[in-house]
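# Geometric and topological summary
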Amino acid sequence: MGYVFGPVPSRRLGQSLGIDPVPLKTCNWNCVYCQLGRSKPLIDHRAEYISTQNIIAQLQNALHFHKPGEIDWITFVGSGETTLHINLGSMLEQVKSMTNIPVAVITNGSLLYLPEVRNDLSLADAVMPSLDAGSAHLYKNINRPHPHLDYEEFIDGLVRFRQQYHGKFWIEVMLIKGLNDTLQALREIANRMQLIKPDEIHLLLPTRPPAESWVKPSEETNVRMAQLILGNNVKVFHSQKGSFGLGGTDSVFQAVIAIITRHPMKESELLEALKHYPQEKIDEVMNALRESGEAQIVERYGERYWSASPSQYAAAVANEEK
Ligand code: SF4
């Protein structure tokens with residue numbers, strides 16, 4: 001299995017080479033909007049889920065394969081919560097010694113209350129946690145955290161990290177229609193943001209297949225209201241167009257699996273990424289996706305998305321074309 005994937009187009013980081021340090025859905029949250037399906041079971045202990053040495057070796061190969069300029073950021077992101085890998089700090093140190101490409105960590109931020117996690121993340125050039133709720137009640141409804149996780153401790157971790165961190169600290173808010181985009185919910189989030197003081201607040205909309213089929217992106221009016229309420233340092237990120245890199249591995253099929261395990265792709269994006277290959281190769285890869293049992297189709301927002309088959313979505317349409 002590849003732990004280094006892409007580059008994939010990112011809404012905030014341009015062409016991002018991904019490092020995925022945990023197996024699919026190793027996560028202490030179970031967000032209703034998660035593009036990778038439901039977290040079953042919730043996992044809340046740090047461990048070396050994947051060999052640190054293997055991850056670093058794969059990164060070395062990928063950096064060797066891609067030309068300078070093809071990668072804007074190296075990003076720890078992927079199929080679960082990145083800070084659950086116990087050697088995240090040591091990996092960040094090694095990546096920084098290998099390249100000058102900036103390194104970002106996407107995290108839910110729930111473990112920042114732990115001093116060792118704050119120290120690990122201090123090595124990154126950008127840290128991008130989530131804050132979707134300004135109250136414990138909405139936190140439970142949206143992020144559905146592990147029962148050991150406490151909302152006030154979560155907020156305290158974000159505040160403490162901000163005080164000690166000198167890199168870019170960008171907090172992401174996923175705006176969900178009718179849940180956290182009301183006047184009251186946005187005011188509550190704004191109150192918390194005033195305590196945390198991030199460099200930027202990034203408003204995102206669920207544009208990839210959410211775990212729960214009822215999740216809908218906020219309407220434009222509510223997005224504008226969120227911008228007004230959350231202040232001057234708010235940016236809105238709509239879905240990103242760009243190219244998905246399928247090179248750097250021996251098998252195009254495995255490269256596609258590596259991406260869709262972390263980042264479900266619209267069928268149109270998949271065909272676009274494959275268009276540089278001969279038709280026979282495209283047919284071979286598409287047939288393998290349909291027949292291998294490693295991929296599934298999920299329909300959301302009127303689009304067909306390819307995702308890894310172990311992902312569990314509400315009302316997923318599995319291998320629809322069979
Ligand atoms: S969106 Fe991120 S934090 Fe939420 S369940 Fe998915 S992997 Fe976990």
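Attention here is on the structure that accompanies the text. Computed from a predicted model, the values in this text were never measured in an experiment.

Two residues of an α-helix separated by three or four positions point the same way, owing to the 3.6 residues in each turn. Taken residue by residue, helix α2 (residues 88-98) has L88, G89, M91, L92 and V95 as its buried positions. All buried residues of α2 fall inside an arc of 160° around its axis, so they share one side. More than 90 degrees from the buried face of α2, the exposed residues found are E93 and S97. Summarising the contacts, the buried residues of α2 are in contact with β2 (14-19), α1 (52-65), β3 (73-76), β4 (103-106) and α3 (115-121).

To continue, consider α1. Compared with the 20 Å implied by 1.5 Å per residue over 14 residues, the 20 Å span of α1 between its first and last C-alpha is a close match. Of the positions making up α1, those classed as buried are T52, I55, I56, L59 and A62. Taken end-on, α1 shows its buried residues confined to a sector of 120°, consistent with a single buried face. Structural note: α1 exposes Q53, N61 and H64 on the side pointing more than 90 degrees away from its buried face.

This part is about the environment of S10. Tracing the backbone shows S10 in strand β1 (residues 4-10). Note on S10: relative accessible area 15%, which makes it buried.

Conventions we followed
- Residues numbered from 1 in each chain as written.
- Predicted model: local features only at pLDDT ≥ 70, side-chain atom pairs only at ≥ 80, totals over all residues.
- Heavy atoms only, no water.
- Buried < 20%, exposed > 50% of the residue type's maximum accessible area, 1.4 Å probe, protein only.
- Helix = DSSP H or I, 4+ residues; strand = E, 2+ residues; numbered from the N terminus.
- Arc of directions from axis to C-beta.
- Contact = heavy atoms within 4.5 Å.
- Expected span 1.5 Å × (residues − 1).

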